[in-house]
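Structural description and commentary
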Amino acid sequence: MKNNLKDYILMNIKNNKTNLLIVLVLIIFQILVIVGASYYSSIKNFWNEFMSNSYEFDLVYIIEENLNNREALVKKLKENPHVKDVFQYDEFISFGTLKEFQDENKNGEIELFGTISGVKKIVLGKDIEKNFEMICPANFYPDSLIYNNNSNYNYKNSISLRDKLDQKLKMNFIGTMPIELKLVGIFDDNYDFSSPNVCYVSHDTLKQLNLKYQKDLEVQEMPIYILLDDIQNADVLLDYEEITEYTKMKEINREVGDKVIRITGISTLLFGLCIGLLIYFLFMRRVKNESRNIAILSLVGFSKKKIKKLYYFEIIILYVMSFVVALIISYFIAFHFVEWFLWNSPSLSLIKVVISKFAIFGCLIINILLLLISSKKSLSKIDELNISELIYE
Amino acid sequence: MKIKLENCNKTYIKNGIKNHVLKDLSYEFEPSTFYAIMGESGSGKSTLINILAGLLKFDTGNLKFNNKIYHGDVEFSKLRLRSIGLVYQSYLLNEQMTAIENVMLPLYLNNDLAKKEKILLSQEKLKIVGLSNKVEHFPKELSGGEQQRVAVARALINNPEIILADEPTGNLDIKNEKDIFEMLKKESIEGKCVIVVSHNPFIKKYADKLLILENGELYEK
Ligand SMILES: Nc1ncnc2c1ncn2[C@@H]1O[C@H](COP(=O)(O)OP(=O)(O)OP(=O)(O)O)[C@@H](O)[C@H]1O
Ligand SMILES: [Mg+2]
């Protein structure tokens, strides 16, 4: 832009109160687009990463009613090279209460999962090696109501178990006598899909405890759980004549992501349309209101082409201003996104919302198109102005 | 700069009714001359001025500046910027701009001068029209006569060879009218082609050539 015209444009910007409205609306719109798209892409990354790291996605179970020899099948399955682990219900899940963590927010109840070692990423201490050893998540929150709406869960109140490492924790197993489990390691729950109230022990530990305290467990009627090297290979299970079908333990739930895409997509479209119309009408009104000034420019030697350029530059300046402000605010919102919006969601509070290049790029494209179309259309009114008549008005 | 009109015709059509305002009008305007154009209301004086300024298209005929024909808005805009100063009855100042900013307006398109030089030049022109003490006033803060002086200063800023004025003193008192006419006269003496439309017989005193627009044609008197 020529230096001289800058002064004229800046003066025009300053003199027009409607510009403030345009900048404001553009800022809000761009924040919506940038943060929305960033949240979506963050969710997508989150799920993809979790899926590849979480052993739960490679876990299937089978329920066969007329199984004659359960033990034989388990043994056969264990020999399959695609099978990493086979276990039964009494070796898999149980519940307990860690009384020392009970308070007004948490009931202290945890889920105890049985596992082989090597499935969790240990960040402190070591993995489970012996019976009655336990590993717990880095963002530990012992509360069984964690997925309930009435839970007091807040990711910020999770407990650091650093100080408890290598200590024995007293746990009331299925509401009975306290038993002792030694906390040997803390695993990274940002790395895979873990609930903040789930700790892990060996299969054998769980089996022993259940034998002692839960004698009525009808394991024979429960499923057999199979951990595969990759869920893609699950069909090898159907080669066994005893197995008619299998069920995946966890499948990716894309609902949240789809919802985000739908909401931001639709509101971007609607909002964008409104902004396009707003800019169109505001600038059309301005051309009308400023027609006398346009006539003045014309008679001192500005061509209509040049006058339109002045308005375009004005729009560009307004846009760049709004873009910079929107970007700064978006970064700020993204930084605090979890804190503000997802603080009570045990799984989503682990998401890190980062502004994606894709979001910024998309925002730029949408807005440039929007501005180009709406301003071109409204500024074409300048061509229709009859200068020689305006002079005498 | 010479302006030559050859067989120029202009017809307005409004609601199906034709109004043939300029009829085969031919005339040649010379430099260093003060032309006064008079004529009845509705005779087409403003139409003629706007055609000469390139702000209004005519139907047939030729308009040449130093024997050159100009086409389109871009070419005529350049011509107005460099060679034509315009003054109208209603002053036509930008209300949001101060006197000096209004005078400087054409200079926004001039890339040869530094900003400082532009300000100096504008101040100088405002001084010539007697407004050196009201440089920062907005049009609202100026009297009609003062506003028209700003408009004259703006018309003169690029030292144009042609000055076109359509009833520049229509809203002014006798004292201001005299001042404006004298300023324009001075420009014609310095070599410019000055064409002034006026109802006021008083203009005859300044005119080198008095032209009457009647029945769509120009007559020298
Ligand atoms: N845009 C237009 N559309 C239709 N007719 C027009 C238009 N402009 C001017 N006219 C008509 O053309 C004729 C000449 O108009 P013009 O303004 O040139 O007259 P004038 O000599 O300047 O008059 P005055 O002395 O009152 O200013 C008038 O009859 C006017 O009604
Ligand atoms: Mg007139």
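In this text, all values refer to a predicted model and were calculated from it rather than measured experimentally. (Residues numbered from 1 in each chain as written. Chains lettered and ligands numbered in written order. Predicted model: local features only at pLDDT ≥ 70, side-chain atom pairs only at ≥ 80, totals over all residues. Heavy atoms only, no water.)

Describing the state of the cysteines
Residues and elements named next belong to chain A. The following threshold applies: By disulfide we mean two sulfur atoms from cysteines, separated by a distance within 2.5 Å. The secondary structure listing takes helices from DSSP runs of H or I that are at least 4 residues long and strands from runs of E that are at least 2 residues long, numbered from the N terminus. Three labels apply to residues, based on accessible area from a 1.4 Å probe with only protein chains included: buried if under 20% of the type maximum, exposed if over 50%, partly exposed otherwise in between.
Tallied over the full model, the rule gives one disulfide over all chains. Shown here is the disulfide that connects Cys136 with Cys199, its sulfur atoms set 2.2 Å apart. Between Cys136 and Cys199 the sulfur-sulfur dihedral comes to about 115 degrees; the bridge is accordingly right-handed. Placement of the pair is Cys136 in strand S6 (residues 133-137) and Cys199 in strand S9 (residues 198-202), with a sequence separation of 63 residues. No difference in accessibility class separates Cys136 from Cys199, as the two residues are buried. Unpaired in terms of disulfides, Cys274 finds its nearest cysteine sulfur in Cys363, a separation of 16 Å.

Some words on empty space enclosed by the protein
The condition that has to hold: Only protein atoms enter the 1 Å grid used here. Points where a 1.4 Å probe fits but cannot escape make up a cavity, open sets with protein on both sides within 12 Å along at least five of seven lines make up a pocket, and a residue lines them when an atom lies within 4 Å of a point. Grid points are joined across faces, edges and corners, and a volume is the space filled by probe spheres set on the points. In this classification, Asp, Glu, Lys and Arg are treated as charged, Ala, Val, Leu, Ile, Met, Phe, Trp, Tyr, Cys and Pro as nonpolar, and every other residue, Gly included, as polar.
One pass over the full model with this rule turns up two cavities of 30 Å³ or more. Of the pockets and cavities examined, the largest cavity occupies roughly 100 Å³. Lining the largest cavity we find 13 residues, and of these Ile84, Gly85, Pro106, Arg154 and Ala155 of chain B sit closest to its centre. Breaking the lining of the largest cavity down by element, the ones donating at least two residues are helix H6 (291-300) of chain A together with helix H2 (72-83), strand S6 (84-88) and helix H5 (144-156) of chain B. In terms of residue count, the dominant contributor to the lining of the largest cavity is S6 of chain B (three residues). Broken down by class, the residue content of the lining of the largest cavity amounts to nine nonpolar, two polar and two charged. Reported here for the second largest cavity is a volume of approximately 60 Å³. As for the second largest cavity, its lining consists of Tyr8, Asn12, Glu290, Asn293, Ile294, Leu297, Ile307, Leu310 and Tyr311 of chain A together with Asn94 of chain B. Considering only residue class, the lining of the second largest cavity consists of six nonpolar, three polar and one charged.

Structural notes on the packing of helix H2 (residues 17-53) of chain A against helix H5 (residues 255-289) of chain A
All names here are of chain A. Going by this rule: Lines are fitted to the C-alpha atoms to define the axes, a helix being fitted only along its stretch in contact, and any angle between axes, read from their N-to-C directions, falls within 0 to 180 degrees. Working definition: roughly parallel below 35 degrees, roughly antiparallel above 145 degrees, roughly perpendicular at 65 to 115 degrees, and oblique for all remaining angles. The crossing is said to be left-handed when, going from far helix to near helix, the turn is anticlockwise and less than a right angle, and right-handed when the turn is clockwise.
Across the interface, H2 lies against H5 with an axial gap of 10 Å and an inter-helix angle of 165 degrees. With respect to H5, the element H2 is oriented roughly antiparallel. Crossing hand, H2 versus H5: left-handed.

So, the sheet that holds strand S7 (residues 162-166) of chain B
Whether parallel or antiparallel, the strands of a sheet pair through hydrogen bonds between backbone atoms. Residue and element names in this part refer to chain B. Note the threshold: For two strands to count as paired, DSSP must find a minimum of two bridges between them. Working rule for contacts: check all heavy atoms of both residues, and any pair within 4.5 Å makes them a contact.
In spatial order, the strands read S6-S7-S8-S3-S9-S10; together these six strands make up an open sheet with mixed pairing. Every interior strand has two partners, whereas the edge strands, S6 and strand S10 (217-220), have only one. Shown here is a sheet whose adjacent strand axes are inclined to one another by a mean of 20 degrees, direction ignored. The pairing of strand S3 (residues 33-38) with strand S8 (residues 193-197) spans five bridges and is parallel. Of the residues in S8, the one forming a bridge with Thr33 is Cys193. Of the strands in this sheet, S3, S6, S7, S8, strand S9 (209-214) and S10 are in contact with helix H1 (residues 45-52), which crosses S7 at around 150 degrees.

Examining H6 of chain A
When you tally the buried positions in H6 of chain A, you get nine out of 10 residues, the bulk of the element. Of the residues one or two after H6 of chain A, Gly301 of chain A is the one with positive phi, at around 120 degrees.

Focus: H2 of chain B
The condition that has to hold: To estimate the expected span of a helix, count its residues, drop one, and scale the result by 1.5 Å.
With 12 residues, H2 of chain B extends 16 Å from end C-alpha to end C-alpha; this agrees with the ideal 16 Å at 1.5 Å per step. Every buried residue of H2 of chain B is listed here: Phe76, Ser77, Leu79, Arg80, Leu81 and Ser83 of chain B. Residues of H2 of chain B that are buried make contact with H6 of chain A together with strand S4 (60-65), S6 and S7 of chain B.

Brief notes about the layout of surface pockets
Put simply, the largest pocket is a space of about 830 Å³. Considering the residues around the largest pocket, the lining is formed by 30 residues, among which Ser388 of chain A together with Gly54, Leu55, Leu56 and Lys57 of chain B are closest to the centre. Every element with two or more residues in the lining of the largest pocket is listed here: helix H9 (387-390) of chain A together with strand S1 (3-14), H1, S4 and H2 of chain B. Taken together, the residues of the lining of the largest pocket sort by class into 13 nonpolar, 11 polar and six charged. Its volume calculated, the second largest pocket comes out at about 430 Å³. In this structure, the second largest pocket is lined by 18 residues; those nearest its centre are Lys306 of chain A together with Lys78, Leu81, Arg82 and Leu109 of chain B. Counting only elements with at least two residues in the lining of the second largest pocket, the list comes to helix H7 (304-342) of chain A together with H2 of chain B. Of all the elements, H2 of chain B adds the most residues to the lining of the second largest pocket, at five residues.

Quick word on the domain arrangement of chain A
Residue and element names in this part refer to chain A. What counts, and what does not: The source of the domain bounds is an automatic or database domain assignment. We define buried area as the total accessible area lost by two parts upon association, computed with a 1.4 Å probe and summed across both. Salt bridges are identified by distance alone: a Lys or Arg side-chain nitrogen within 4 Å of an Asp or Glu carboxyl oxygen. What qualifies as a polar contact is a pair of N or O atoms within 3.5 Å, subject to a donor-acceptor requirement within protein and to the restriction that residues adjacent in sequence count only when both atoms come from side chains.
Taken domain by domain, chain A consists of domain 1 (2-51 + 254-392) and domain 2 (55-248). Once you take the C-alpha centre of each, domain 1 and domain 2 turn out to be 51 Å apart. If you look at the interface, domain 1 gives 14 residues, while domain 2 gives 15 residues. Summed over both partners, the interface of domain 1 with domain 2 comes to about 1200 Å²; 64% of that surface belongs to carbon and sulfur atoms. Linking domain 1 with domain 2 are one salt bridge. Of the charged contacts in the structure, one is a salt bridge between Glu339 and Lys156, with a shortest N-O distance of 3.6 Å. Applying the counting criterion to the domain 1 and domain 2 interface returns two residue pairs in polar contact (both at pLDDT 80 or more). Elements supplying a minimum of two residues to the side of domain 1 that touches domain 2: H2 and H7. Among the elements that line the side of domain 1 that touches domain 2, the one with the most residues is H2, at four residues. Partitioned by chemical class, the residues of the side of domain 1 that touches domain 2 number seven nonpolar, four polar and three charged.

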